[in-house]
Amino acid sequence: MIVRNLSDAQSTTRRIVSPDGNWESTRLLLKSDNMGFSFHITTIYANAAFQMHYQNHLESVYCISGEGEVETIADGTRYPIHPGTLYVLDQHDKHILRAFSEMKMACVFNPPLNGTEVHNNEGAYELEADAITL
Ligand code: 9YT
């Protein structure tokens, strides 16, 4: 069994702060855990608005707290995000995430992240990235 605690993990290299200033994410479960997915608790900072396109990954995102919206770029649909909302990027959807207040999200990635990934200039994570070292 694997047991980890968010507040403990936040003071380790599991906490990744995005260089673009839009978010931070504490990666509680990673590829090295051999579960076939990774699990992160992500904070989207208030007033952030940014585009992502996870060409190499599928992602599920569950809103724990905060308010925002996600827009699918292909058709311009805007989906409100409130506590309890789940959005799932099952089509590698190119999207814009907007945070009207700070949002706490639980995120699952398949395939799992290695640990140190930040977005490339297309808003994707590369499949090859360094694992975190604790
Ligand atoms: C919601 C979202 O995709 N935010 C970007 C960070 C990502 N969740 C991550 O790396 O944990």
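All values reported here derive from a predicted model rather than from experimental measurement.

Thoughts on the packing of aromatic side chains
Phase 1: Evaluated as defined, the whole model comprises three aromatic pairs.
Phase 2: Ring geometry for Y54 versus F109: centroids 5.1 Å apart, planes at 80°, classification edge-to-face. Here Y54 is found in the loop between β4 (49–52) and β5 (58–65), whereas its partner F109 is found in strand β10 (residues 103–110), with 55 residues between them in sequence.
Phase 3: According to the relative accessible area criterion, Y54 is buried, its value standing at 4%.
Phase 4: With a relative accessible area of 2%, F109 lands in the buried category.
Phase 5: Within the aromatic cluster, the residues linked to one another by ring pairs are Y54, F109 and Y125.
Phase 6: Note that R27 overlies the ring of Y125, its terminal NZ or CZ placed 5.5 Å from the centroid.

Regarding the environment of E71
Phase 1: Mapped onto the secondary structure, E71 falls in strand β6 (residues 68–72).
Phase 2: In this structure E71 comes out as buried when scored by relative accessible area, which is 12%.
Phase 3: Along the primary structure E71 and L86 are separated by 15 residues, whereas in three dimensions their C-alpha atoms are 14 Å apart.
Phase 4: Beyond its immediate stretch of four places on either side in the chain, E71 contacts G76, T77, R78, K94, H95, I96 and R98.
Phase 5: One polar contact links E71 to R78, side chain to side chain, over a distance of 3.4 Å.

Points about the pairing of β4
Phase 1: Every second residue of β4 is oriented toward a common face, the buried set being F50 and M52 and the non-buried set A49 and Q51.
Phase 2: One ladder, built from four bridges, connects β4 with strand β9 (residues 95–99); its direction is antiparallel. If you follow F50 over to β9, its bridge partner there is L97.

The rules behind the values
Residues numbered from 1 in each chain as written. Predicted model: local features only at pLDDT ≥ 70, side-chain atom pairs only at ≥ 80, totals over all residues. Heavy atoms only, no water. Phe/Tyr/Trp six-rings, centres within 6.5 Å; stacked < 30°, edge-to-face > 60°. Helix = DSSP H or I, 4+ residues; strand = E, 2+ residues; numbered from the N terminus. Buried < 20%, exposed > 50% of the residue type's maximum accessible area, 1.4 Å probe, protein only. Lys NZ or Arg CZ within 6 Å of the ring centre and 35° of its normal. Contact = heavy atoms within 4.5 Å. Polar contact = N/O pair within 3.5 Å; in protein donor to acceptor, adjacent residues only side chain to side chain. Pairing = 2+ DSSP bridges.

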